[in-house]
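Remarks on the overall topology
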Amino acid sequence: MGPGILDVLFEYWPIFLKGAIGTLRYAFIAVSLGSLLGALIALMHLSKSKILSSIASLYVNVLRGTPLLVQMYIAYFFLPIAVPVLNNVDKEVYVLIALTMNSSAYVSEIIRGGINSVDPGQNEAARSLGLSASHTMTKIILPQAIKNILPSLANEYIAMIKETSMAGTFMLYELMYTRTLLANKYLSWQPLFIIAGIYLIMTLVLTSLVKLLEKRFSVSD
Amino acid sequence: MTDKKIPLIETKNLKKNFGDLEVLKGISETIYKGEVICIIGPSGGGKSTFLRCLNMLEEPTEGEVYFEGEKLDAKSTDIDRHRQKIGMVFQQFNVFPHLKVIDNITLAPTLEKKIPEKEAKETAYKLLEQVGLSDKAEEYPRKLSGGQKQRLAIVRAMAMEPDVMLFDEPTSALDPEMVKGVLEVIKKLADSGMTCVIVTHEMGFAREVSDRILFIDEGVIAEEGTPEEFFTNPKNPRTKEFLSQVL
Ligand SMILES: Nc1ncnc2c1ncn2[C@@H]1O[C@H](COP(=O)(O)OP(=O)(O)OP(=O)(O)O)[C@@H](O)[C@H]1O
Ligand SMILES: [Mg+2]
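All of the points below concern the structure found in this document. This structure is a prediction, so every number in the text was calculated from the model and none was measured.

What counts, and where the lines are drawn
- Residues numbered from 1 in each chain as written.
- Chains lettered and ligands numbered in written order.
- Predicted model: local features only at pLDDT ≥ 70, side-chain atom pairs only at ≥ 80, totals over all residues.
- Heavy atoms only, no water.
- Helix = DSSP H or I, 4+ residues; strand = E, 2+ residues; numbered from the N terminus.
- Buried < 20%, exposed > 50% of the residue type's maximum accessible area, 1.4 Å probe, protein only.
- Contact = heavy atoms within 4.5 Å.
- Disulfide = S-S within 2.5 Å.
- Pairing = 2+ DSSP bridges.
- Near = heavy atom within 4 Å.
- Polar contact = N/O pair within 3.5 Å; in protein donor to acceptor, adjacent residues only side chain to side chain.
- Areas by Shrake-Rupley, 256 points an atom, 1.4 Å probe, with all protein chains shown as cover.
- Axes fitted to C-alpha atoms, helices over the stretch in contact; angles between N-to-C directions.
- Parallel < 35°, antiparallel > 145°, perpendicular 65-115°, else oblique.
- Left-handed = near helix turned anticlockwise from the far one by under 90°.
- Nonpolar A, V, L, I, M, F, W, Y, C, P; charged D, E, K, R; others polar.
- Expected span 1.5 Å × (residues − 1).

A look at the overall build of chain A
In terms of helices and strands, chain A carries 8 helices and 0 strands. Starting at the N terminus and ending at the C terminus, chain A contains elements arranged as α-α-α-α-α-α-α-α. If one aligns the C-alpha atoms of chain A with their principal axes, the spans along those axes are about 75 × 50 × 25 Å. Of all 221 residues assigned to chain A, the portion counted as buried reaches 42%. Partitioning the intrachain contacts of chain A with sequence separation of at least 6 by distance along the chain shows that 75% fall at a separation of at least 24.

Laid out in structure tokens, this is it:
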């Protein structure tokens, strides 16, 4: 059996802490950059141009229809070949590109859904007042859509915290990577429970924050 | 109604299809400045579609719409500029729930007509007073009753100083006790000389306020005339049948 879970936690807590911070950080970067990219994809998807909207739809379908791990492998091994300038950057960047693109596909659907959830009568009322299409979007539609978008974005962040566990496969220092580090010290099972516990705490805490957020938004309804 | 008839809105052979469904089958009609027109007719006849073609919320399949002499459905037309002069009031109010009552009214004038905030607010307060909503200016619309929301929607449109107001069943979504207040506001507006096109099922109101009644049935104007002619001596059998059902 070897040492107990608590013994391992007390001895190696700095490693787990560093891993947890790595996880939160990768998830944050992926969802933040993914949101910017995702907003762009959503606008393309909603645009009147058939070409733009089919490109966006293809992008979303491919990224949501293939496993993230496969996308990471492709980014890791194929990107340096396809884009030689990327040869000199940290390997971390490839994995982050995969995470960001993957996240952007989900975020774009969140944004699109948020926009579509606004009563079409709002658009008609705004346009019939003579508001331009862009003013209608920024002053009428988005402020109402954001109520649905923000909680879902937070949920996407929570999902991404779990997804980043795959980045350990590529030696990125996140929570799951601590397993690899400690396996070298003949600790096979204890770290797994600690890792699972930390993931659980992070997601539970964030989930309850999202609940609070949702409550605040529904009050202003 | 004024003596010299200045055309404000003109449709020529206006047709609208939704897929295979022919909803408007060629409507040619002129609405003159200062006229108050009520549109009545059976459900699904195309009343809303006709009204929505007048400000291009629906794009005509065929035919033309002119507003103040300019063709609305031309590629070169800046439709936003025209819509600023065509107020519209919807059955479902469509007030902006995330904006305070006062901001519902000032948004379009400040954004699109570049009216200074202060001036826009003054106008808005005057309008709110006229419809008895002064004390609600700083509230959010969720605090308003249906009738109050609809009065807000009316003054929101009025704040753009439109040349015509379109109403699509403005009282159909209201509780019965709210109907009167909203109709009074519309009547006051009509009496003040505003050109109004009103789709309504309120026959008494139509008879009282309108200069002319259009009866739209199955995508055409099946009959038109003064309220007097229309209600006492309808010519078209379809009109007679409709009136016998609603009166
Ligand atoms: N966006 C749309 N897509 C498809 N069909 C539509 C659309 N809008 C209206 N229609 C159809 O067009 C026909 C006419 O509709 P319209 O709303 O103009 O009738 P209406 O005279 O206003 O009826 P009501 O008194 O019930 O409001 C109906 O059969 C309706 O189902
Ligand atoms: Mg209708």
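Digging into the state of the cysteines
Residues and elements named next belong to chain B. In this structure the tally under the stated criterion is 0 disulfides over all chains. Cysteine C53 shares no disulfide, and the gap to the nearest cysteine sulfur, in C38, comes to 19 Å. Residue C53 is classed as buried on the basis of its relative accessible area, which comes to 0%. Sulfur of C196: no disulfide; nearest cysteine sulfur belongs to C38 and is 8.7 Å away.

Remarks on the pairing of strand β9 (residues 212-217) of chain B
All names here are of chain B. Of all 6 residues that make up β9, 6 are buried, and the element is covered over most of its length. Neither face of β9 is open: one carries R212, L214 and I216, the other I213, F215 and D217, and all of them are buried. Of the strand pairs in this sheet, β9 and strand β10 (residues 220-225) are connected by 5 bridges, and their pairing is antiparallel. Bridged to L214 within β10 is E224.

Side note on the environment of A:L213
All names here are of chain A. Inspection of the secondary structure assignment puts L213 in helix α8 (residues 190-219). Residue class for L213 comes out partly exposed when judged on its relative accessible area of 32%. Along the chain, L213 and L37 lie 176 residues apart, while their C-alpha atoms are 24 Å from each other. Apart from residues no more than four positions distant in its own chain, L213 is found in contact with L150 and P151.

Comments concerning the site of ligand 1
All names here are of chain B. Residues in close proximity to ligand 1 total 13 residues, the closest being S43, G44, K47, S48 and T49. G45 places a polar main-chain atom, nitrogen or oxygen, 3.2 Å from an oxygen atom of ligand 1. Separating an oxygen atom of ligand 1 from a side-chain N or O atom of T49 is a distance of 2.5 Å. A total of 640 Å² of accessible area belongs to ligand 1 in isolation, and the protein chains cover 60% of it. Looking at the shell around ligand 1, the elements with two or more residues in it are β2 (21-32) and α1 (47-53). It is α1 that contributes the most residues to the shell around ligand 1, 3 residues altogether.

What to know about the packing of helix α3 (residues 68-82) of chain A against helix α4 (residues 91-116) of chain A
Packed helix pairs are specified by the crossing angle of their axes together with the interaxial distance, meaning the distance between the axes. Residues and elements named next belong to chain A. Where α3 contacts α4, the two axes come as close as 9 Å, and the packing angle between them is 135°. Taken together, the axes of α3 and α4 lie oblique to each other. Here the hand of the crossing between α3 and α4 comes out right-handed. Of the residues in α4, those touching α3 at L68, Q71, M72, A75, Y76, L79 and P80 are K91, Y94, V95, I97, A98, L99 and N102. Of the residues that constitute the contact of α3 with α4, the class distribution is 11 nonpolar, 2 polar and 1 charged.

Observations regarding helix α5 (residues 146-158) of chain B
With 13 residues, α5(B) extends 18 Å between its outermost C-alpha atoms, agreeing within 8% with the 18 Å of an ideal straight helix rising 1.5 Å per residue. Buried residues dominate α5(B), accounting for 11 of its 13 residues. Here α5(B) has its buried residues at B:G147, B:Q148, B:Q150, B:R151, B:L152, B:A153, B:I154, B:V155, B:R156, B:A157 and B:M158. Looking at the buried positions of α5(B), the neighbouring elements they touch are α5 (120-128) of chain A together with β6 (86-89), α3 (101-112), α4 (117-130), β7 (164-168) and α6 (176-191) of chain B.

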